[in-house]
Amino acid sequence: MSKRAIVTGVTGQDGSYLVELLLQKDYEVIGVTRRLSTPNMQRIQHLRDRIQLRSADLLDQASLLDLVADVRPHEVYNLAAMSFVPASWEQPLLTGEFNAQGVTRLFEAIRRVDTSIRVYQASSSEMFGKVRATPQTEETPFHPRSPYGVSKVFAHYMTVNYRESYDLFAVSGILFNHESPRRGLEFVTRKVTDGVARIKLGLGKRLSLGNLNACRDWGFAGDYVRAMWAMLQQDSPNDYVVATGVSSSVEELVQIAFGHVGLDWQDYVDTDPNLLRPAEVDHLIGDASKARAQLGWQPTVDFKGLITMMVDADLHRLQCEPLATDNEPV
Ligand code: NAP
Ligand code: GDD
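Residues numbered from 1 in each chain as written. Chains lettered and ligands numbered in written order. Predicted model: local features only at pLDDT ≥ 70, side-chain atom pairs only at ≥ 80, totals over all residues. Heavy atoms only, no water.

### Observations concerning the packing of aromatic side chains
Point 1. Counted according to the given criterion, the structure contains 11 aromatic pairs.
Point 2. On the numbers, 5.2 Å between centres and 45° between planes, the contact of Tyr162 with Tyr166 is tilted. One end of the pair, Tyr162, and the other, Tyr166, are both in helix α5 (residues 147-166), 4 residues apart, so they sit about a helical turn from each other.
Point 3. With a relative accessible area of 34%, Tyr166 lands in the partly exposed category.
Point 4. Ring plane angle 90° and centroid distance 5.4 Å describe the contact between Tyr224 and Trp297, whose orientation is recorded as edge-to-face. In this pair, Tyr224 sits in helix α7 (residues 221-231) while Trp297 sits in the loop between α9 (289-295) and α10 (303-320), placing the two residues 73 residues apart along the sequence. Trp297 shares its class with Tyr224; the two are buried.
Point 5. Chaining the aromatic ring pairs together yields one cluster made of Phe128, Phe142, Tyr157 and Phe176. (Phe/Tyr/Trp six-rings, centres within 6.5 Å; stacked < 30°, edge-to-face > 60°. Helix = DSSP H or I, 4+ residues; strand = E, 2+ residues; numbered from the N terminus. Buried < 20%, exposed > 50% of the residue type's maximum accessible area, 1.4 Å probe, protein only.)

Below you can see the structure in the form of structure tokens.
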């Protein structure tokens with residue numbers, strides 16, 4: 001009998017890669033969408049006839065309860081969130097409603113329907129923030145630096161609490177930044193690769209960025225969803241850091257991206273103080289030894305391979321569709 005999984009955030013970057021993985025493994029997949037005035041299905045268009053879509057919202061307890069009660073899944077992957085850090089300063093309360101209380105609502109729905117359902121919570125390296133130790137592991141204390149980071153710490157500890165209080169198989173995947181050609185255009189990697197492709201094709205002239213010194217441990221989203229799945233297949237629930245163990249700066253990112261198309265970044269990049277954050281996370285680097293040892297997980301794409309893959313995908317997309325403004329599906 002095939003397993004049944006609910007994936008919240010199915011229209012997002014990670015949702016689309018996770019659904020592909022689950023379908024390869026013969027899962028019956030139920031993707032959760034929320035009502036929008038304009039449908040946002042670009043990333044899962046190629047999967048639409050192979051999954052069911054159900055409407056529910058992290059803000060609405062009844063919709064989550066109905067969802068879990070009707071579907072009776074074996075596994076739930078909670079990827080839905082307000083995921084853009086700068087927006088969390090503009091809307092801190094809404095960020096908390098989605099990312100913190102929204103997770104509590106989902107856990108409440110699950111525990112009321114069936115405590116044997118296994119749950120993955122999408123936690124984040126943003127929880128480490130102003131880092132207390134380098135590299136960061138599952139034991140590193142948190143010091144979040146944005147309302148987004150704070151909301152994810154709340155959800156992390158809710159995951160631990162539902163595990164300890166109700167014996168739920170609930171895991172927190174502490175994932176470091178992961179990117180792909182399906183990344184939202186507002187995140188720095190995709191902003192750069194899209195900007196480089198536009199400049200190369202004569203569709204843009206310059207690129208404005210914020211802090212070039214920030215460092216992140218960047219991996220490929222397609223690799224990271226394998227770790228999510230593996231966490232729910234273990235004998236017991238545990239939390240895991242997922243990272244490449246290599247950290248690069250935003251400046252290195254622009255060097256690689258412009259260099260890939262034969263341009264010198266210094267001729268095209270401006271820095272804009274308006275793009276600096278009220279509090280920055282300066283340097284993240286993860287130690288995924290536990291995931292490597294217990295899940296048998298390892299990344300397959302390095303930083304340069306990731307950025308060149310994204311530049312090539314943006315060049316291709318813009319050559320096919322020069323007026324494109326939104327995400328390319330596959
Ligand atoms: P993403 O591309 O921004 O996708 C977010 C998803 O959440 C979208 O499908 C969005 O739906 C949905 N969503 C937002 N608010 C919702 C609500 N109130 N009810 C139901 N659905 C809602 O994010 P991602 O990069 O795939 O990340 C997936 C998860 O991993 C997020 O929780 C993120 O915080 C976390 N995370 C990401 C990274 C990373 O580097 N990518 C690292 C660590 C953790 P719409 O399409 O309707 O907006
Ligand atoms: N977005 C953006 N735009 N970031 C910029 C820019 C710019 O123009 N210029 C410099 N940066 C710097 C930011 O200040 C930050 O230090 C770094 O680039 C990465 O920014 P983002 O790509 O927006 O990602 P993030 O690290 O804030 O958050 C992402 O990763 C988290 C995991 O650590 C998101 O995916 C979160 O949802 C995720 O939890």
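### Section: the packing of helix α6 (residues 188-200) against α10
Point 1. It is at 8 Å that the axes of α6 and α10 come closest, and there the two elements cross at 50°. Classified by the angle their axes make, α6 and α10 are oblique. Note that α6 runs across α10; the crossing there is right-handed. In this structure, α6 contributes Thr189, Arg190, Thr193, Asp194, Val196, Ala197, Arg198 and Lys200 to the contact, and α10 contributes Ile307, Met310, Val311, Asp314, Leu315, Arg317 and Leu318. (Axes fitted to C-alpha atoms, helices over the stretch in contact; angles between N-to-C directions. Parallel < 35°, antiparallel > 145°, perpendicular 65-115°, else oblique. Left-handed = near helix turned anticlockwise from the far one by under 90°. Contact = heavy atoms within 4.5 Å.)

### Some words on helix α4 (residues 92-113)
Point 1. Between its terminal C-alpha atoms α4 stretches 31 Å, which fits the 32 Å expected from 22 residues at 1.5 Å a residue.
Point 2. Along α4, the sharpest kink reaches roughly 40°, centred on Gln101. (Expected span 1.5 Å × (residues − 1). Bend = angle between axes of the 7 residues up to and from the residue.)

### Brief notes about unusual backbone geometry
Point 1. Residue Thr134 is joined to Pro135 through a cis peptide bond whose omega torsion reads -5°.
Point 2. Along the chain, Pro135 turns up in the loop between β5 (118-124) and α5.

### Describing the site of ligand 2
Point 1. Looking at ligand 2, there are 24 residues lining it, with Ser124, Ser125, Tyr148, Arg277 and Glu280 nearest.
Point 2. One of the backbone N or O atoms of Gly210 is found 2.8 Å from a nitrogen atom in ligand 2.
Point 3. A distance of 2.6 Å separates an oxygen atom of ligand 2 from a polar side-chain atom of Arg277.
Point 4. Burial of ligand 2 by the protein chains amounts to 95% of its free accessible area of 720 Å².
Point 5. Looking at the shell around ligand 2, the elements with two or more residues in it are α6 and β8 (207-209).
Point 6. Broken down by class, the residue content of the shell around ligand 2 amounts to 10 nonpolar, 7 polar and 7 charged.
Point 7. Counting only domains with at least three residues in the shell around ligand 2, you end up with domain 1 (4-178 + 220-242) and domain 2 (184-217 + 246-286 + 300-320). (Near = heavy atom within 4 Å. Polar contact = N/O pair within 3.5 Å; in protein donor to acceptor, adjacent residues only side chain to side chain. Areas by Shrake-Rupley, 256 points an atom, 1.4 Å probe, with all protein chains shown as cover. Nonpolar A, V, L, I, M, F, W, Y, C, P; charged D, E, K, R; others polar. Domains from an automatic or database assignment.)

### Observations regarding the site of ligand 1
Point 1. The environment of ligand 1 is made up of 26 residues, and the closest members are Thr11, Arg34, Asn40, Ser83 and Tyr148.
Point 2. The separation between an oxygen atom of ligand 1 and a polar main-chain atom of His178 is 2.9 Å.
Point 3. In the environment of ligand 1, an oxygen atom lies 3.2 Å from a nitrogen or oxygen atom belonging to the side chain of Arg183.
Point 4. Residue assignment for the shell around ligand 1 shows that the elements contributing at least two residues are α1 (13-24), β5 and α5.
Point 5. Among the elements that line the shell around ligand 1, the one with the most residues is β5, at 3 residues.
Point 6. Among the residues making up the shell around ligand 1, the classes are represented as 11 nonpolar, 10 polar and 5 charged.

### Some remarks on the sheet that holds strand β11 (residues 240-242)
Point 1. Strand order in this open sheet of 7 strands is β3-β2-β1-β4-β5-β6-β11, and the pairing throughout is parallel. Since the sheet does not close on itself, it has two edges, and those belong to β3 (52-55) and β11, each with one partner. Pairwise comparison of adjacent strand axes, ignoring direction, gives a mean angle of 25° for this sheet.
Point 2. Sheet topology places strand β1 (residues 4-8) next to strand β2 (residues 28-33); 5 bridges connect them, and they run parallel. The residue bridging Thr8 from the neighbouring strand is Val32, located in β2.
Point 3. Sitting on the sheet, α4 touches β4 (75-78), β5 and β6 (169-175), and the angle it makes with β4 is about 175°.
Point 4. The strands that α7 touches are β4, β5, β6 and β11; relative to β6, the one it contacts most, it runs at about 160°. (Pairing = 2+ DSSP bridges.)

### Some details on the domain arrangement of the chain
A common measure of how large an interface is: the accessible area buried when the components associate.
Point 1. The domain boundaries assigned to the chain delineate domain 1 (4-178 + 220-242) and domain 2 (184-217 + 246-286 + 300-320).
Point 2. The centre of domain 1, based on its C-alpha atoms, is set 27 Å off from the matching centre of domain 2.
Point 3. Residue-level contacts link 22 residues of domain 1 with 18 residues of domain 2.
Point 4. A combined buried area of about 1800 Å² lies between domain 1 and domain 2, and 59% of that area is made up of carbon and sulfur atoms.
Point 5. Counting the surface domain 1 buries against domain 2, the share from its top three residues, Phe84, Arg145 and Phe220, is 30%.
Point 6. Inspection of the region where domain 1 meets domain 2 yields 1 salt bridge.
Point 7. Remark: the boundary between domain 1 and domain 2 carries 4 residue pairs in polar contact (both at pLDDT 80 or more).
Point 8. For the side of domain 1 that touches domain 2, the secondary structure elements donating two or more residues are α3 (85-90) and α7.
Point 9. The residue inventory of the side of domain 1 that touches domain 2, partitioned by class, reads 11 nonpolar, 6 polar and 5 charged. (Buried area = accessible area lost by both parts, 1.4 Å probe. Salt bridge = Lys/Arg side-chain N within 4 Å of Asp/Glu carboxyl O.)

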